[in-house]
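Listed below, chain by chain, are the residues.
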Amino acid sequence: QVQLVESGGGLVQAGGSLRLSCTASGRTFRSDTMGWFRQAPVKEREFVAAIWWSGGGTYYSDSVKGRFTISRDNAKNTMYLQMKSLKPEDTAIYYCAGGCSAYVCLQESQYDYWGQGTQVTVSS
């Protein structure tokens with residue numbers, strides 16, 4: 001059974017930092033592009049960041065570029081999202097996704113596996 005489990009969410013003040021982790025089990029994702037998405041209240045889920053299997057290519061949404069950093073440790077089957085200079089508008093449930101075989105994976109439909117999500121709340 002394939003599982004993606006996110007951790008590291010929580011409550012932080014504006015300007016603060018958090019690091020999210022996504023650990024996979026049941027399957028190796030070392031050959032896939034993986035990504036992070038988020039869903040704020042009453043909004044649709046949106047792309048945040050994605051990373052190639054090798055870690056050599058990364059993509060970010062304009063809203064997080066320069067503040068968030070995606071990385072992965074294939075030996076641990078784990079992906080990370082370092083979030084800095086957090087803003088109240090970053091408040092959302094953050095989901096990790098895996099199993100995209102393309103290099104550029106910006107759409108939800110490109111991913112085969114999803115975690116349950118972790119809540120990030122940024123207070124002003």
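Scroll up a little and you will see the structure.
What you see is a predicted model, and the numbers here were worked out from it, not measured in a lab.

J.: How should I be thinking about the state of the cysteines in this particular structure?
T.: Two cysteines whose sulfur atoms are joined by a covalent bond form what is called a disulfide. Taken as a whole, this structure holds two disulfides when the rule is applied. Paired through a disulfide, Cys22 and Cys96 show a sulfur-sulfur distance of 2.1 Å. Judged by the sign of its S-S torsion, about 50°, the cystine formed by Cys22 and Cys96 is right-handed. With Cys22 in strand 3 (residues 18-25) and Cys96 in strand 9 (residues 92-100), the pair connects residues that are 74 residues apart, well separated along the chain. For the pair formed by Cys22 and Cys96, the shared burial category is buried. Disulfide pairing places Cys100 opposite Cys105 at an S-S distance of 1.9 Å. Residues Cys100 and Cys105 are joined through a disulfide that is left-handed, its torsion about the S-S bond being -80°. Just as Cys100 is buried, Cys105 falls in that class too.

The rules behind the values
- Residues numbered from 1 in each chain as written.
- Predicted model: local features only at pLDDT ≥ 70, side-chain atom pairs only at ≥ 80, totals over all residues.
- Heavy atoms only, no water.
- Disulfide = S-S within 2.5 Å.
- Helix = DSSP H or I, 4+ residues; strand = E, 2+ residues; numbered from the N terminus.
- Buried < 20%, exposed > 50% of the residue type's maximum accessible area, 1.4 Å probe, protein only.

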